[in-house]
Amino acid sequence: MDNKTFDWHALTPEQVARQLESDPASGLSQPQADQRLLRFGPNSLKEKPPRAVWLMLLDQFSDFMIVVLIVAALVSGFVGDLADTAAIAVIIILNAVIGFVQEYRAERAMAALKRMSEANAQVLRDGHKQAVSAAGLVPGDVVLLEAGNIVPADLRILEAARLRIDESTLTGESVAIEKQTHALQQGELPLGDKTCLAYKGTIVTYGRGRGLVVATGMQSELGKIASLLDDNAETRTPMQRRLAELGKRLAIGALAICVLVFMVGILRGEPLLLMFMTAVSLAVAAIPSALPAVVTISLALGAHKMVKQHALIRRLPAVETLGSVTFICSDKTGTLTQNKMHVTALFADATRVGTWHHDGEPWASLLRAMALNSDAHLDQHNKAQGEPTEAALLHAAQQAGYSKTVLEGEMPRLFELPFDSERKRMTTYHRCDGEFIAYCKGSPESLLPRCTHTLRHDGEFSLDRDGLLQHAEAMASDGLRVLAFACRRWPELPTGTDHDAQESDLTFLGFAGLIDPPRGEVKDAVTQCRTAGITPVMITGDHPATARAIARELGILHTDDDRVMTGTELSQLDQQAFETEVESVRVYARVDPAQKIKIVKALQDKGEVVAMTGDGVNDAPALKAANIGVAMGKGGTDVARETAHMVLLDDNFATIVHAVRHGRRLYDNIRKFLRYGITTNSAEIWTIFLAPFLGLPIPLLPIQILWVNLVTDGLPGLALAAEPAERGIMRRAPRPIRESMFAHGLWQHMIWVGLLMAGMCLLVQAWALHSGSSHWQSMVFTVLTLSQLAHVVAIRSEQESLFTIGFFSNPALAATVIFTFLLQMATLYLPPLNAVFKTEPLDGAELLTCFALSSVVLFAVEVEKWLMRKNWLYSTPPL
């Protein structure tokens, strides 16, 4: 094949297949696909290339204050202080390396998340249906489409069963386009008029189909307009934006204090260069420029780790929001249950049976309907594959001796009316003995009103609709999902689009009762939800009796006040009336996906934060409207996954609860970093700023300020991100979504602990000067460093004592604190470092004094936490 562009819409399917050298029945072979992938490239749009590693490293030196510090170091070297210049240069480089490593890890984590969230496509290769990455599609591939798929490449339609595609992303046309297979006239046509083509990025809203890939990547219609797409829009989370704004305000305040320190020093007669270097070093140490970056790193690495818990975060703000969730509205099938359907009961001829090896009517017609009215198929191992409910029905028919393969040879399917959430039915039409027969399946409430007769062993009789509904109710109350089957014979194949007429005058055949056992871990997850102040809600299309039985077993229906509401009842309530009841409803049965958005809006209007699960096309609006939209990774549609904030890779309700726990932990740890970083920065500022007003000399040299900033702000702060979840994290109420990050005493802590640290430093300085010690500057240097290490271990829990959780329960932080302590001791006792940092070895009494004053911070914070546990200080969330 060549690269020539054809008017694909003007060619027949056979001509397209010849041009693409592909077999529509079996697709390409794998070697052909591999060769074409090398030739045409991946089926993806060109994106802005990732930042080069060297640029990422260079960016670490682009911060304004770092540039000022570099200039200051050069000035210092120019006037002859080469030792200071070299030491400052080393610290700047170490600081850049730490920043680079963290940013590189975050970029890799985000790239891995993006790779995991790439779409797949169902294709035929070597005659077998298989899932491949959409990026691996090539011209000539045969792609299978069904409702909910995002079209993965430009396709020439080969087969269309009521196939409708939403092309609004390309054409602006809001109505889905009905697709067909025949060739159109030669020449240019608008995209929307090329009804035998499907375009990359559009959405299959109804039916199913099959198409040949004719263009991929930048050669597709979407690729041609890719320049109109804005891939560089701001993607910062609300927390990042708030902290960036906070950082700017703190930076202005810090700069003002640094200018004041400089001016006071000059007025006191301090050397100009020393005060300039001190002011610049203090500004570098005090300005919290890393705040947004640390949040980005924490969120990105946290989201990457959540994949191990089978939760793929598609949008970073979801990580923030998880800790605030108050309602989890979950689909039943596959999420609360195992999605391992099997038929346990059949009802026909007024008889319910648990085994069905019957040959007479109506059993034979019922089993034929179960086999033929299904899109499930048998694989090469004769095992049913497909949607779990349809696969279970096919398996039951197969066990009874009704092979779909054999039946389709005798009664080929001619066309179908696919299932949709409005009709709640699916109908297939087959050739049979010179005429035609339609098999229809659906919920008893939707199908029985379409029936006029029932088939029994001795013929057709008038339908007792109320009696049959009672039998369906009895099966549902046993926890079974009940489907009804009916048929109708036609002398001629019906035409037109009047589904009501085509699905009328049916003859009832029987019911199939299927059971889908609850997941074993879900009951514990539901209990965790209740303990954590989260309300679990079940949403299902099943019968209310089935829903009630499963919900009671799982503990979702907990009290007699917990209500079950049907979709019919929901549709009869306006939004205002529904909002008065929504918080007491625990189960929604026979609900359409379109009604989910009504549930989301009602809960949000009541101030709740909602996580909503969904897997279908019609779920997308509710997933988008929810605070956390959760799509299914296994059974969900492409549209649902693209819309959702989070994807469950195992389709398991318990995974949502794990994600909430992880979200709470991540938010707690970001608060701990803020508590640590801003407190320690303020301590450095207070120490330098207050000394002149107390008649004391400048306590620290510029190189010492930068060292404290490097060893205490960098690694210990980042190690807080590895802090385990606090005990009781799922026993406290959800965090209000608009709650300030500085609530529950955080800002008060920053002020008083910062002043306490500065007070200890100034106290040791005054004592050393008063006692005539020449080591006063080394003692201030040591107290400031060690008090910050004491602080970081003290704040590992907001309320629990360090002596309860243990020093080594966060190995990363313990190792960092020990390493930093050893480094500080090295600056005191290694002669080469004495020269660099202008320090002197302390004697035993002086060192013990430093230890004692530094530990004051640890014990003061322990007292604060004790008061918080007693609820005597701040307003704390109950544990």
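As the structure is a computational prediction, the values presented were derived from the model and not from experiment.

K.L.:
Looking at this model, I keep getting lost on the environment of K194. Mind explaining?
P.N.:
In this structure, K194 sits in the loop between β5 (177-178) and β6 (197-198). Residues K194 and L250, spaced 56 residues apart in sequence, show a C-alpha to C-alpha distance of 59 Å. Aside from chain neighbours lying at most four places away, what touches K194 is H9, K179, L184, L189 and Y199.

K.L.:
Any chance you could explain the nonpolar core here in plain terms?
P.N.:
Among soluble globular proteins, nonpolar side chains are generally buried collectively. Core analysis: the largest hydrophobic core is formed by 70 residues, its most contacted members being I88, I91, L700, I703, W707 and V792. For this core, the element with the most residues is helix α28 (residues 776-794), which contributes 12 residues.

K.L.:
Sorry, what's going on with helix α13 (residues 388-399) here?
P.N.:
Every α-helix carries 3.6 residues per turn, so stepping three or four residues along brings you back to the same face. When the terminal C-alpha atoms of α13 are compared, their 16 Å separation across 12 residues agrees well with the 16 Å that a helix rising 1.5 Å per residue should span. Regarding α13, the residues found buried are T389, E390, A391, A392, L393, L394, A396 and A397. Capping the start of α13 is the job of one residue whose side-chain oxygen sits 3.1 Å from the backbone nitrogen of T389: E387. Of the residues one or two after α13, G401 is the one with positive phi, at around 95°.

K.L.:
Is there a simple way to explain the environment of N871 in this structure?
P.N.:
Summarising the element assignment, N871 is placed in the segment after α32 (844-869). It is 41 Å that separates the C-alpha atoms of N871 and T337, two residues lying 534 residues apart in sequence.

K.L.:
I'm lost on α32 in this one. Help?
P.N.:
Taking 1.5 Å per residue as the helical rise, α32 with its 26 residues ought to reach 38 Å, and the 37 Å between its terminal C-alpha atoms agrees with that figure. Where α32 starts, the residue carrying a side-chain oxygen 3.2 Å from the main-chain nitrogen of A845 turns out to be D843. Directly beyond the C-terminal end of α32, a positive phi value near 60° is found at N871.

K.L.:
Before we go on, may I ask you to explain the packing of helix α25 (residues 653-693) against helix α27 (residues 746-770) in this structure?
P.N.:
Between two packed helices, what matters for the description is the angle formed by their axes and the separation of those axes. Following both chains from N to C, one finds α25 and α27 inclined at 40°, their axes separated by 7 Å at the closest point. Our classification of the angle between α25 and α27 gives oblique. Two packed elements cross with a definite hand, and for α25 against α27 that hand is right-handed. Judged by residue contacts, R671, L674, R675, I678, T679, T680, S682, A683, W686, T687, L690 and A691 of α25 engage L746, H749, M750, V753, G754, L755, M757, A758, C761, L762 and Q765 from α27. Along the lines of polarity and charge, the residues of the contact of α25 with α27 split into 14 nonpolar, seven polar and two charged.

K.L.:
Quick question: what am I supposed to make of a nonpolar patch on the surface here?
P.N.:
A contiguous nonpolar patch, built from W54, L55 and L58 and spanning about 330 Å² of accessible area, is present on the exposed surface. Mapping L55 onto the fold places it in helix α3 (residues 53-59).

K.L.:
What am I meant to see in the packing of aromatic side chains here?
P.N.:
Pairs of aromatic rings are described using the distance from one ring centre to the other and the angle between the two planes. In total, this model carries 11 aromatic pairs according to the counting rule given. Between F578 and Y588, the aromatic rings sit 6.3 Å apart at their centres with planes inclined by 75°, giving edge-to-face as the arrangement. Taken together, the residues F578 in helix α21 (residues 575-579) and Y588 in strand β23 (residues 585-589) connect sequence positions 10 residues apart. Aromatic side chains F807 and F808 sit 4.9 Å apart centroid to centroid with 85° between the ring planes, which places their arrangement in the edge-to-face category. Residue classification places F807 among the partly exposed residues on the basis of a relative accessible area of 27%. Assessed through its relative accessible area of 63%, F808 is described here as exposed. What links up through ring pairs into an aromatic cluster is the set F347, F508 and F511. Looking at R488, its charged tip hangs above the ring of W490, at a distance of 3.7 Å from the centre.

K.L.:
Mind showing me how you'd approach the pattern of salt bridges here?
P.N.:
Where charged atoms of side chains with opposite charge meet at close range, the side chains can pair. Per the stated rule, a full pass over the model turns up 32 salt bridges. A salt bridge links E798 to R675; the nearest nitrogen and oxygen atoms lie 3.5 Å apart. Here E798, found in the loop between α28 and α29 (802-805), pairs with R675, found in helix α25; they are 123 residues apart in sequence, far enough to count as distant.

K.L.:
Help me out: how do you make sense of the pairing of strand β3 (residues 142-146) in this one?
P.N.:
When a strand is regular, its side chains alternate between the sheet's two faces. In terms of burial, β3 is a largely internal element, four of the five residues being buried. Direction of pairing for strand β1 (residues 120-125) relative to β3: antiparallel, over a ladder of three bridges. If you follow V123 over to β3, its bridge partner there is V143. Sheet topology places β3 next to strand β7 (residues 203-215); five bridges connect them, and they run antiparallel. Counted as the bridge partner of E146 is R208 from β7.

K.L.:
Help me out: how do you make sense of the environment of T839 in this one?
P.N.:
Checked against the element boundaries, T839 lands in the loop between α31 (831-837) and α32. In this structure the C-alpha to C-alpha distance between T839 and L828, which are 11 residues apart in sequence, comes to 5.9 Å. Aside from chain neighbours lying at most four places away, what touches T839 is Q704, S778, F781, T827, L828, L833 and N834. A polar contact is formed between the side chain of T839 and the backbone oxygen of T827, at a distance of 2.4 Å. At 3.0 Å, the side chain of T839 and the side chain of N834 are in polar contact.

Thresholds applied
- Residues numbered from 1 in each chain as written.
- Predicted model: local features only at pLDDT ≥ 70, side-chain atom pairs only at ≥ 80, totals over all residues.
- Heavy atoms only, no water.
- Helix = DSSP H or I, 4+ residues; strand = E, 2+ residues; numbered from the N terminus.
- Contact = heavy atoms within 4.5 Å.
- Core = buried A, V, L, I, M, F, W, Y, C linked by side-chain atoms within 4.5 Å.
- Buried < 20%, exposed > 50% of the residue type's maximum accessible area, 1.4 Å probe, protein only.
- Expected span 1.5 Å × (residues − 1).
- Polar contact = N/O pair within 3.5 Å; in protein donor to acceptor, adjacent residues only side chain to side chain.
- Axes fitted to C-alpha atoms, helices over the stretch in contact; angles between N-to-C directions.
- Parallel < 35°, antiparallel > 145°, perpendicular 65-115°, else oblique.
- Left-handed = near helix turned anticlockwise from the far one by under 90°.
- Nonpolar A, V, L, I, M, F, W, Y, C, P; charged D, E, K, R; others polar.
- Patch = residues over 30% accessible without salt bridge, like charges linked within 9 Å, V, L, I, M, F, W, Y side chains within 5 Å.
- Areas by Shrake-Rupley, 256 points an atom, 1.4 Å probe, with all protein chains shown as cover.
- Salt bridge = Lys/Arg side-chain N within 4 Å of Asp/Glu carboxyl O.
- Phe/Tyr/Trp six-rings, centres within 6.5 Å; stacked < 30°, edge-to-face > 60°.
- Lys NZ or Arg CZ within 6 Å of the ring centre and 35° of its normal.
- Pairing = 2+ DSSP bridges.

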